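Architecture and fold: a report
Take a look at the letters that make up each chain.
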Amino acid sequence: MPSEKKISSASDCISFMQAGCELKKVRPNSRIYNRFFTLDTDLQALRWEPSKKDLEKAKLDISAIKEIRLGKNTETFRNNGLADQICEDCAFSIVHGENYESLDLVANSADVANIWVSGLRYLVSRSKQPLDFMEGNQSTPRFMWLKTVFEAADVDGNGIMLEDTAVELIKQLNPTLKESKIRLKFKEIQKSKEKLTTRVTEEEFCEAFCELCTRSEVYFLLVQISKNKEYLDANDLMLFLEAEQGVTHITEDMCLDIIRRYELSEEGRQKGFLAIDGFTQYLLSPECEIFDPEQKKVAQDMTQPLSHYYINASHNTYLIEDQFRGPADINGYVRALKMGCRSIELDVSDGSDNEPILCNRNNMTTHLSFLSVIEVINKFAFVASEYPLILCLGNRCSLPQQKVMVQQMRKVFGNTLYTEAPLPSESYLPSPEKLKRMIIVKGKKLPSDPDVLEGEVTDEDEEAEMSRRMSVDYNGEQKQVWLCRELSDLVSICQSVQYRDFELSMKSQNYWEICSFSETEASRIANEYPEDFVNYNKKFLSRIYPSAMRIDSSNLNPQDFWNCGCQIVAMNFQTPGPMMDLHTGWFLQNGGCGYVLRPSIMRDEVSYFSANTKGIVPGVSPLALHIKIISGQNFPKPKGACAKGDVIDPYVCIEIHGIPADCSEQRTKTVQQNSDNPIFDETFEFQVNLPELAMIRFVVLDDDYIGDEFIGQYTIPFECLQPGYRHVPLRSFVGDIMEHVTLFVHIAITNRSGGGKAQKRSLSVRMGKKIRECTMLRNVGLKTIDDVFKTALHPLREAIDMRENMQNAIVSVKELCGLPPIASLKQCLLTLSSRLIASDNSPSVSLVMKDNFPYLEPLGAIPDVQKKMLAAYDLMIQESRFLIEMADTVQEKIVQCQKSGMEFHEELHNLGAKEGLKGRKLNKATESFAWNITVLKGQGDLLKNAKNEAIENMKQIQLACLSCGLSKAPSSGSEAKSKRSLEAIEEKESGEENGKL
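On a predicted model such as this, the values are computed, not experimentally measured, just so you know.

Where helix α27 (residues 864–902) contacts helix α29 (residues 919–963), the two axes come as close as 8 Å, and the packing angle between them is 155°. Viewed along their axes, α27 and α29 adopt a mutual orientation that is roughly antiparallel. The crossing of α27 and α29 is left-handed. For the contact of α27 with α29, the residue count by class is 20 nonpolar, five polar and four charged.

Spelled out as structure tokens, the structure:
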């Protein structure tokens, strides 16, 4: 059967529109009508039927169109009661007339909406010469390039080549295409021409290539950002990178360099333009990956105490199969260490000939010599990461073989063994930076009496201990084992101790002592004492190991324990699946060094955080994550699928993992029978309350599966997301990157307090109330302290009002520009300038710098529509200016109150006792005190960040005004003055910062 023709040029869009299709027409009164829309053959007007109007009135002249907006971005859509039922990606509006009226339409698919939007934009931009496209594709840069490619391969110069040669040529240009698909396309083309031959002409070659290698979603994007051309120049690319991709400090030379590296045609490289094929290559390149390149190297502060980091940890490292029957294998250590694992396990037993061994107690047939294992560890310990490696020693050896272990470790590891005694005068563990290239032994330790050469300690054998606890005759006592002084002396800052309860631990546990928790025990504690678990982990290391019931070596959910601040969550690296995906994805950040800094709210000595948080986190501003799943590329058939052809019906699931309030999952529709380039075009929005702990997992599944539905997945920390149009490289079930298998997505992150999508304002209002509840101070119950906190009520209210007013003013400008909340201010100014610049390129307003702030002043009488937009713009500048000028004063009041409150921290229990508070009441007072300190610190930081954001916004607005031609006099003097104003903002800011320092 012939495949559906792809849209690959403006003429394809025009032809589709002339043939016409049914669109839904949306009215302000919430009514929706089905109408058949067509484009006149002379390209001068749009018509629809049926209509009660006269035929000549049921039309819209192309010359009257001002702009075309994709999405629900007009008053009609915002105020329509049925708007929530309309797909964002299927909606578009045609804004026309001097009063900017809108014709609001909904297509039956996002693809159809894109065709109309691209075609109409092309016609509007080409209104002076509307028949340009009729020249066809013969003269486009792309066709000229394909012609040279064909001619180079046509050795005989006859303008014809064998089909085999043509197939091979297209495969060279696009290696992802299957040979069978290319041959089928040639047969389709030849059949349509009633031609029976195995020879291919130049025209057929070009047609086949364009049909097979044009991704319509990339074409629509290219047309949109190139101002309706079919290629990008350096200025188009610069604007795309700045406004859409979030790239800063981009220059024209950098854009020309990108064009030179990715444009396929010689002409394009010389003239500086990027056509569809080069642009597709660029979007697929590592430069447009979704993962932030800054996070591919160590990017976090590594000087904090060891207990402030999540640590990449392995369980039963010696296994490469399940723990029930799997043999011990040295490759388990090689794999874990190459993956950046920083905590590995060695369960050591007595071997023959006085040689300690490692083996799986359930499979004694194979074992490893302890010496060979530590030699491999020494070889690979610091290949993937320079930061400290923790050896969790499970000691089941006799005293003589323990001494052999010590001798071997000292000989193999030498000076890398960290044996410095911890200093009682310190309060926290050393930092990863201080412990670089050190090997730390975790294990039991004898009392410090040097005369004691050996002694009994509680058993470190976790599996045996769990078995004993589950047995009928368990009496609560732990098994004792003998330990020699030499092995005890290798243990310094990771001394294993038994957990009793948090109250006892906080009073008497030393900072160098570490507790191990079984998954079951840790889950119970996390549910019963979530706040205490977080506070405990600020100072002490916790290690969580999987339940002994997991005989298949399945994995626990590490997120449950990361939420409590547990640093060492041991995973079965040999067992792939969703839990291992989360673990692997999480530790990709910070250069994959195996250490990830925990959120400050989980590190600060006085702060309030509960692992079971079901709402907004105090002192943290929630964010809105907007993800558009656009398309997929080259999806394979599920590995385990049986008795099924190569055709799949893919869909995409987006999972958000994090604190309970952030956990969410949504899915796209299913695309029937398309594995090569399924188009999804669906947008999703998620609220993320604690971004530093959130992860996003993209999963592609087959809806029509037999035996196995899994196609691929990719897991990424929220903090590593790059905004804009990105390709997601999918991984197989076992975690390997699959070549050429990708998802094409658009990512945007906005501040939730500024109002979400326009049609969901009620949600934003509710969110605003919740945010205010989570920034309210609590009553501690001690008058002296409460009186101090009361002084912060007014500045807190001021801080929240200033931030919200600025965000709301920005959203209003975006709405009036017909742009969604995810749009950048640069995009706003571009839209604004298109309305404020007349057809003769003379602006109706002028950029005027007042006190270094960019105001726009009319150059004469302007229409009401423009007045409304300028009023919104002025309000945005005023609110931003007010925040910039007042932020330091308000923040200083908040910080001062926080400092005054912290002065009571050490005496809190004594003051409570004097006031008669004890037990639960005293605990409640302590919790409220920590809550208030958290709120004050968080709001102070948020205000400081908002000021920096506002200053950056003013710079971007000023630069955008200059580049859009809104400056009064385009003379060099005017530009120099504007640049001085920009510098003044920077100098003023740096001066204030230096003053504070």
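Resuming the write-up.
Attention now goes to helix α7 (residues 202–213). With twelve residues, α7 should reach 16 Å at 1.5 Å per residue; the first-to-last C-alpha distance of 16 Å fits that figure. Within α7, ten of the twelve residues are buried, which leaves it mostly tucked inside the rest of the structure. Along α7, the positions that sit buried rather than exposed are Glu 202, Glu 204, Phe 205, Cys 206, Ala 208, Phe 209, Cys 210, Glu 211, Leu 212 and Cys 213. Buried positions along α7 lie against α4 (141–153), α5 (163–173), α6 (179–192), β9 (199–201) and α12 (276–284).

Attention shifts here to the sheet that holds strand β2 (residues 32–39). Strand order in the open sheet formed by seven strands is β4-β3-β2-β1-β7-β6-β5, with antiparallel pairing between adjacent strands. The strands lining the two open edges of the sheet, one partner per strand, are β4 (59–61) and β5 (65–70). For this sheet the average axis-to-axis angle between neighbouring strands, irrespective of direction, equals 30°. Pairing of β5 with strand β6 (residues 91–96) involves five bridges; the strand directions are antiparallel. From the neighbouring strand, Ile 65 faces β6, where its bridge partner is His 96.

Another aspect to go through is the pairing of strand β16 (residues 389–396). The two faces of a sheet get side chains in turn, since along a regular strand they alternate between them. Taking burial as the measure, the eight residues of β16 include seven buried ones, the bulk of the element. As paired elements, strand β13 (residues 343–349) and β16 share seven bridges and run parallel to each other. Across the sheet, the residue bridging to Ser 343 is Ile 390, located in β16. Looking at chain direction, β16 and strand β17 (residues 439–443) are connected through four bridges and run parallel. Residue pairing for β17: Cys 392 is matched across the bridge by Lys 442. For the crossover from β16 across helix α15 (residues 399–413) to β17, the handedness is right-handed.

Parameters at a glance
- Residues numbered from 1 in each chain as written.
- Predicted model: local features only at pLDDT ≥ 70, side-chain atom pairs only at ≥ 80, totals over all residues.
- Heavy atoms only, no water.
- Axes fitted to C-alpha atoms, helices over the stretch in contact; angles between N-to-C directions.
- Helix = DSSP H or I, 4+ residues; strand = E, 2+ residues; numbered from the N terminus.
- Parallel < 35°, antiparallel > 145°, perpendicular 65-115°, else oblique.
- Left-handed = near helix turned anticlockwise from the far one by under 90°.
- Nonpolar A, V, L, I, M, F, W, Y, C, P; charged D, E, K, R; others polar.
- Expected span 1.5 Å × (residues − 1).
- Buried < 20%, exposed > 50% of the residue type's maximum accessible area, 1.4 Å probe, protein only.
- Contact = heavy atoms within 4.5 Å.
- Pairing = 2+ DSSP bridges.
- Right-handed = clockwise from strand over helix to strand, strands pointing away.

Shape descriptors only; they carry no functional weight alone.
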